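Given next are the chains, with one letter for each unit.
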Amino acid sequence: MSSASETNDQQVSRTLEALRAGNAWISDRALRRFQMNIAETGRFTVPDPTTGEECQAEAHYYWPQNGCLYWFSGTTEPFCVVAASVRLGCPVLALVTLESVYTVADSEASPLIAKAQEILGNNVCPDVRVDTTARPLVFTGHTNFAHHLWNEFPGLWHLAHSVSNFDVRILHDPMGSIVAFCKAHKICFDEVERTNAARGWQSRPTLVPGSVFCDGDVKTELMELIGVPLSWSPSPEPKIYMTVRERGRTLENQVEVLALIINKVLDCRPNAVFLLDGFSLPQDFERPIYDPVRLSFEERISGAQRLIGQISEALPKKQCAQMRDLTGMTLIGSLHEIASCHTYLCHAGTMQHKPGWFYSLPGVLHGNRASIRPASLRWTASMVEGAVAPEAVASRFVDDLGFTGSLQSNPRNRDYSFNDLEAAAENITVQLMRFLNVEAEIS
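Everything quoted here is computed from the prediction, not taken from an experiment.

The rules we used
- Residues numbered from 1 in each chain as written.
- Predicted model: local features only at pLDDT ≥ 70, side-chain atom pairs only at ≥ 80, totals over all residues.
- Heavy atoms only, no water.
- Salt bridge = Lys/Arg side-chain N within 4 Å of Asp/Glu carboxyl O.
- Helix = DSSP H or I, 4+ residues; strand = E, 2+ residues; numbered from the N terminus.
- Buried < 20%, exposed > 50% of the residue type's maximum accessible area, 1.4 Å probe, protein only.
- Axes fitted to C-alpha atoms, helices over the stretch in contact; angles between N-to-C directions.
- Parallel < 35°, antiparallel > 145°, perpendicular 65-115°, else oblique.
- Left-handed = near helix turned anticlockwise from the far one by under 90°.
- Contact = heavy atoms within 4.5 Å.
- Nonpolar A, V, L, I, M, F, W, Y, C, P; charged D, E, K, R; others polar.
- Pairing = 2+ DSSP bridges.
- Core = buried A, V, L, I, M, F, W, Y, C linked by side-chain atoms within 4.5 Å.

*Asks:* Can you lay out the pattern of salt bridges for me, pointing to particular residues and giving the numbers?
*Replies:* Per the stated rule, a full pass over the model turns up 20 salt bridges. Arginine 169 serves as the salt-bridge partner of aspartate 190, at 3.1 Å between the closest nitrogen and oxygen. Taken together, the residues aspartate 190 in strand S10 (residues 189–191) and arginine 169 in strand S9 (residues 167–170) connect sequence positions 21 residues apart. Note that aspartate 291 is salt-bridged to arginine 294, the shortest N-O span being 2.9 Å. Note that aspartate 291 and arginine 294 are positioned in helix H9 (residues 291–313) at a spacing of 3 residues, about one turn of the helix. According to the relative accessible area criterion, aspartate 291 is partly exposed, its value standing at 37%. Residues joined in a network through salt bridges with shared partners are Glu191, Glu193, Asp284 and Arg287.

Below, the structure written as structure tokens:
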């Protein structure tokens, strides 16, 4: 005869198996099965981890930029399921009981896991229960356009092409793509103007659609919706997109290095144009939802403009005339400019995704040693169809430093320096010139 603990282990395993099956993708790495089920039926049903009986989530809790917590009264005691992590496509991360947290998709931490433990530990019964007959409510709108393009929009796209009985609640809309998409597909939507107002128990079935890949059809519709060129069309004169970053995961002596590279390129191609960019504003920046970050965004703009000014001061006046500052333009305005470039030189991270994800643009990445590994370069291009993996500064020139800014302390977020500025600048220049010369031959 099996013991009670063995029986319980079997029931937990069955619940975890069901949750993992619910994490399966509906399409090519976009829209998970459990997300579709909630949108189709308004219900989220899993086996009770104690008894194995089918249970339905009776309360849905949404936490902006994190995901959803689903509360079950259970057949003997309550338990929770946490669907979180935008970057992973908002999968079910964990099953939470009063005694334990069971990993489902990934070991990643989430504040919703701690929230579930608090609810269960305090024996809290949610005072708002979900009405499964109501139209499901889809939350979307990450502040970072890259998370929207890569993790949110494809999920929403595939959902809209599968079911129609849902409404959308928009937080941020950095490209203006969510409003445009909802209007084009006749989806009812509203906009949240205070992030905290969206957080809490919901009376309607709630989900965050997710993905980890933006396929060609999704990408094409998004670009059409926001009105940017669908194809890469380099200008007659050589044009290079170049990023600056004042702090956090950035290059020490950035001004000296970038001025050196500009000088070297212009010595070879005097008519080359450099588009320098430090930060792009979201399309909906005027909305009140940006009030908490408005000052920090403006500081990032002024900080980048200050760096670009210092680069200009380090160059001969004639060469300064070949520089243009895109900092502070809207995201879509920046993309229009990027579409005419021949190549780019970017920091690792979101700014590289503007040229690297939207167009098949060859480019060079500089970053800490973790960011410029061959596997990292391939990963950088793997989220969006048509993206080309960048090349990188030779790792022998890179020394990792510490952490600045508010980024998490992991190797990919380290600042870094070049141990030989002249040699590193020459290494990068050679790569950029190769891309410029290839484009010259094509044209």
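*Asks:* Provide a residue-level description of the packing of helix H11 (residues 331–338) against helix H12 (residues 350–358), including the pertinent values.
*Replies:* Taken N-terminus to C-terminus, the directions of H11 and H12 make an angle of 55°; their axes are 10 Å apart at the nearest point. When the axis of H11 is compared with that of H12, the two are oblique. The handedness of the crossing between H11 and H12 comes out as right-handed. For the pair H11 and H12, the contacting residues are Leu331, Ser334, Leu335 and Ile338 in the first and Lys354, Pro355 and Phe358 in the second. Taken together, the residues of the contact of H11 with H12 break down into 5 nonpolar, 1 polar and 1 charged.

*Asks:* Break down helix H5 (residues 177–184) for me, with residues and values.
*Replies:* Along H5, 6 of the 8 residues are buried, which leaves the element largely enclosed by surrounding structure. Here H5 has its buried residues at Ser177, Ile178, Val179, Ala180, Phe181 and Cys182. Residues of H5 that are buried in the fold lie against strand S8 (137–140), helix H4 (145–160), S9, S10 and helix H7 (216–226). Phi turns positive one or two residues past the end of H5, at lysine 186, with a value near 55°.

*Asks:* Tell me about the sheet that holds strand S16 (residues 343–347), residues and numbers included.
*Replies:* Strand order across the open sheet formed by 6 strands is S15-S14-S13-S16-S17-S18, with parallel pairing between neighbours. Strands with a single pairing partner mark the edges of an open sheet, and in this sheet they are strand S15 (323–325) and strand S18 (391–392). Contacting strand S13 (239–243), strand S14 (273–277), S16 and strand S17 (363–366), H12 runs over the sheet at an angle of about 160° to S16.

*Asks:* Now, about the nonpolar core: what can you tell me, with residues and values included?
*Replies:* Phe44, Tyr70, Ile261, Phe274, Ile311 and Phe358 are the most contacted members of the largest nonpolar core, which has 124 residues in total. Those residues within four positions of tyrosine 70 in sequence are excluded, and the remaining contacts are Phe34, Ile38, Phe44, Ala57, Ala59, His60, Phe79, Cys80, Val81, Ala83, Thr206 and Leu207. Counting residues in each nonpolar core, the second largest holds 17 residues, with Tyr61, Cys80, Ala94 and Ile119 among its members.

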